[in-house]
Amino acid sequence: MYPQIASEVNVLSIPLDELIIGIISFLVVFGGLSKLALPGIRKALAERTAAIEGGIAKSEAAQAEANALKEQYQARLAEARTEAAAIRAQAQADKSAILEEARREAADVAAAVTSRAEAHIEAERASTVTALRREVGELAVTLAGKVVGETLTDDGRVRATIDRFLDDLEAKAAVTEAAR
Amino acid sequence: MGAEQILADGCHLNSGCGFPAPGVEVFDYATLWRFHLLGIDFLITKPLILLMIVAVVVVGFFTLAFRNAKVVPRGLQNIAEYGYLFVRDGIARDTIGKAGDKFVPLLFSLFFFIWVLNFLGIVPFAQFAPGARLAIPVAFAIMVYLLWVPLGVIKQGAGGFFKAMTMPPDVPKAMYGLLIPLEVVSNFIVRPFTHSVRLFANMFAGHLLLVTFSVATWYLFSPSLIGILGSTASFIVAIILTLFEVLIQALQAYVFTLLAAVYINDALHAH
């Protein structure tokens with residue numbers, strides 16, 4: 001039952017009608033795609049390329065701007081640091097000067113107080129010596145008067161007077177001691 | 001009478017019927033419509049109808065996808081654009097360089113028209129790649145031949161082009177007596193022949209293989225152990241071959257287009 005028509009079919013034949021329809025079909029596809037389909041995608045792809053290139057340029061500009069800002073900021077930071085260092089050095093110098101001044105002033109005041117106190121003590125001592133000298137003189141005069149008056153009458157009285165004088169002297173010395 | 005008819009008659013293993021091995025007759029389709037134009041007898045068959053349908057579908061699909069092409073692609077444009085960039089960057093620019101951009105419409109048409117035509121080989125009801133009819137690949141190869149040969153004469157001058165195509169550099173002068181005739185035959189006569197036959201033979205063989213294993217699946221399908229085993233094996237092979245065909249179909253469309261680009265490059269630049 002093998003088909004007998006095999007010999008009638010030549011698969012290597014090229015029928016003219018098929019060839020013509022094949023060429024026309026291809027021209028339809030080529031013409032249709034060239035005119036209707038491909039211009040749209042070519043335009044979209046060109047626009048995309050332009051958009052990407054524009055985006056790259058924009059990002060480059062932004063990058064440059066950021067770099068400039070960073071440099072500016074760094075310069076300012078360095079400036080501020082220098083300024084702060086200068087201020088710190090100045091403060092250090094000021095502090096030393098102030099301390100020195102205060103120390104000198106304190107020393108002066110201390111010296112003044114000491115000298116005043118010394119003068120005061122000196123004056124007091126001098127006045128005390130003067131007072132003592134006067135008192136001793138008075139006492140001596142009093143004692144002498146008493147000695148003279150009593151001698152004329154009674155030796156026993158002279159002795160009593162001397163004793164009394166010495167007692168007085170002692171009492172006075174005690175009073176002076178207590179007053180000190 | 002084709003294999004389909006034989007099988008429809010209930011020809012199976014053990015039914016007193018030999019294996020109806022498919023032959024070249026499966027490439028012969030009945031004339032569906034016939035007309036005369038300019039003294040040529042046009043016999044319209046299924047492969048030609050498929051060819052015309054695919055032409056319209058390819059143009060329609062890409063027009064729909066690219067008509068409102070956006071900078072940011074979406075939907076159909078995504079896939080179609082991938083195809084466009086594949087042809088532009090992978091074939092035109094890779095082979096021809098920047099000058100290849102002018103030939104992208106031609107290469108794009110060749111690639112997608114041939115690919116979709118080939119794909120019909122495994123589409124149910126179509127089940128035939130029109131490229132398996134020799135006249136179809138020949139039609140495409142003629143178009144490419146009629147482009148690159150005149151293009152070479154225009155770009156390099158008739159003498160320069162002929163010299164570039166037939167006299168390879170760095171060859172002893174004495175060899176040219178042998179080389180020139182060989183190169184003429186190889187580049188101007190055999191080239192369009194191999195260009196078309198490569199596509200035709202691949203589609204032809206693929207179709208014959210699929211038909212053979214499909215017929216075997218049906219023929220062996222009978223109430224016996226050997227019949228069931230043979231039928232199942234044939235069916236599995238037919239499925240594997242179908243998947244294999246998907247690869248071959250795309251590959252042959254690519255090869256045909258790539259060769260067209262190589263020929264155009266020969267015309268543009270002496271090598």
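S.K.: Before we move on, can you summarise the overall build of chain B with the specific residues and values?
M.R.: Helix and strand content of chain B: eight helices and two strands. When the helices and strands of chain B are placed in sequence order, the string is α-β-β-α-α-α-α-α-α-α. Burial status across chain B gives 37% buried among its 271 residues. The long-range share in chain B, meaning contacts at least 24 apart out of those at least 6 apart in sequence, stands at 64%.

S.K.: Let's hear about the overall build of chain A: which residues, and what values?
M.R.: When you go through chain A residue by residue, the secondary structure sums to two helices and zero strands. By the burial criterion, 7% of the 180 residues in chain A qualify as buried.

S.K.: Pulling in residues and values, what's your account of the interface of chain B and chain A?
M.R.: In this assembly, 45 residues from chain B lie in contact with 35 residues from chain A. Mapped onto the side of chain B that touches chain A, the elements with two or more residues apiece are β2 (40–44), α2 (46–66), α3 (76–95), α4 (104–119) and α5 (135–156) of chain B. Of the residues that constitute the side of chain B that touches chain A, the class distribution is 33 nonpolar, five polar and seven charged.

S.K.: Describe the packing of α2 of chain B against α4 of chain B, naming the residues involved and giving the relevant values.
M.R.: All names here are of chain B. Their axes nearest at 10 Å, the elements α2 and α4 cross at an angle of 130 degrees. Comparing the axis directions of α2 and α4 gives the class oblique. Regarding α2 and α4, the two cross each other, and that crossing is right-handed. Packed against α2, whose contacting residues are Leu51, Val54, Ala55, Val57 and Val58, the element α4 presents Phe112, Phe113, Val116 and Leu117 at the interface. Broken down by class, the residue content of the contact of α2 with α4 amounts to nine nonpolar, no polar and no charged.

S.K.: So what's going on with the pairing of strand β1 (residues 33–37) of chain B? Which residues, and what values?
M.R.: Residues and elements named next belong to chain B. Of all five residues making up β1, only zero are buried, and the element is barely covered by its neighbours. In the sheet, β1 pairs with β2 via five bridges, with the strands oriented antiparallel. Each bridged residue has a counterpart across the sheet, and for Phe35 the counterpart in β2 is Phe42. Between β1 and β2, which pair antiparallel and follow one another directly, the connecting turn spans two residues, one of which, Leu38, has a positive phi of 50 degrees.

S.K.: Now, about the nonpolar core: what can you tell me, with residues and values included?
M.R.: In terms of nonpolar packing, the biggest core is built from 72 residues, with Leu107, Phe113 and Ile114 of chain B touching the most fellow members. Elements with a minimum of two residues in this core: α1 (16–151) of chain A together with α2, α3, α4, α5, α7 (176–220) and α8 (225–268) of chain B. When neighbours within four sequence positions are excluded, Leu107 of chain B is seen to be in contact with Val87, Ile91, Ala92, Thr257, Ala260 and Ala261 of chain B.

S.K.: Outline the packing of α5 of chain B against helix α6 (residues 158–166) of chain B, listing residues and values.
M.R.: Residue and element names in this part refer to chain B. Between α5 and α6, the shortest axis-to-axis distance is 6 Å and the interhelical angle comes to 115 degrees. The element α5 and its partner α6 pack so that their crossing is right-handed. Judged by residue contacts, Gly152, Val153 and Gln156 of α5 engage Ala158, Gly160, Phe161 and Ala164 from α6. Grouping the amino acids of the contact of α5 with α6 by side-chain chemistry returns four nonpolar, three polar and no charged.

S.K.: Give me the lowdown on the confidence of the model for chain B, citing residues and values where you can.
M.R.: Detailed reading of the predicted model is not advised wherever pLDDT is low. Residue and element names in this part refer to chain B. Per-residue pLDDT for chain B has a mean of 86; in total, 96% of the residues score no lower than 70. Per-element averaging of pLDDT across chain B places helix α1 (residues 3–8) at the bottom with 57 and α4 at the top with 93. The complex model carries a pTM of 0.69, and its ipTM stands at 0.87.

S.K.: Lay out the environment of Phe204 of chain B in plain terms, naming residues and giving numbers.
M.R.: Residue and element names in this part refer to chain B. Turning to its location among the elements, Phe204 is positioned in helix α7. What makes Phe204 buried here is the crowd of 21 C-beta atoms within 10 Å. C-alpha separation for the pair Phe204 and Phe27, spaced 177 residues apart in sequence, amounts to 8.3 Å.

S.K.: Describe the environment of Thr212 of chain B, with residues and values.
M.R.: Residues and elements named next belong to chain B. Looking at where Thr212 falls in the secondary structure, it is placed in helix α7. Judged by the 20 C-beta atoms lying within 10 Å of it, Thr212 falls in the buried class. In sequence terms Thr212 and Gly23 are 189 residues apart; their C-alpha atoms lie 8.8 Å from each other.

S.K.: So, the environment of Ala30 of chain B: which residues are in play, and what are the values?
M.R.: Relative to the helices and strands, Ala30 of chain B resides in the loop between α1 and β1. Sequence separation of Ala30 of chain B and Leu43 of chain B is 13 residues, and the distance between their C-alpha atoms is 8.9 Å.

Criteria and cut-off values
Residues numbered from 1 in each chain as written. Chains lettered and ligands numbered in written order. Predicted model: local features only at pLDDT ≥ 70, side-chain atom pairs only at ≥ 80, totals over all residues. Helix = DSSP H or I, 4+ residues; strand = E, 2+ residues; numbered from the N terminus. Buried ≥ 20, exposed ≤ 12 C-beta atoms within 10 Å, placed from the backbone. Contact = placed C-beta atoms within 7 Å. Nonpolar A, V, L, I, M, F, W, Y, C, P; charged D, E, K, R; others polar. Axes fitted to C-alpha atoms, helices over the stretch in contact; angles between N-to-C directions. Parallel < 35°, antiparallel > 145°, perpendicular 65-115°, else oblique. Left-handed = near helix turned anticlockwise from the far one by under 90°. Pairing = 2+ DSSP bridges. Core = buried A, V, L, I, M, F, W, Y, C linked by C-beta atoms within 7 Å. pLDDT = per-residue confidence, 0-100.

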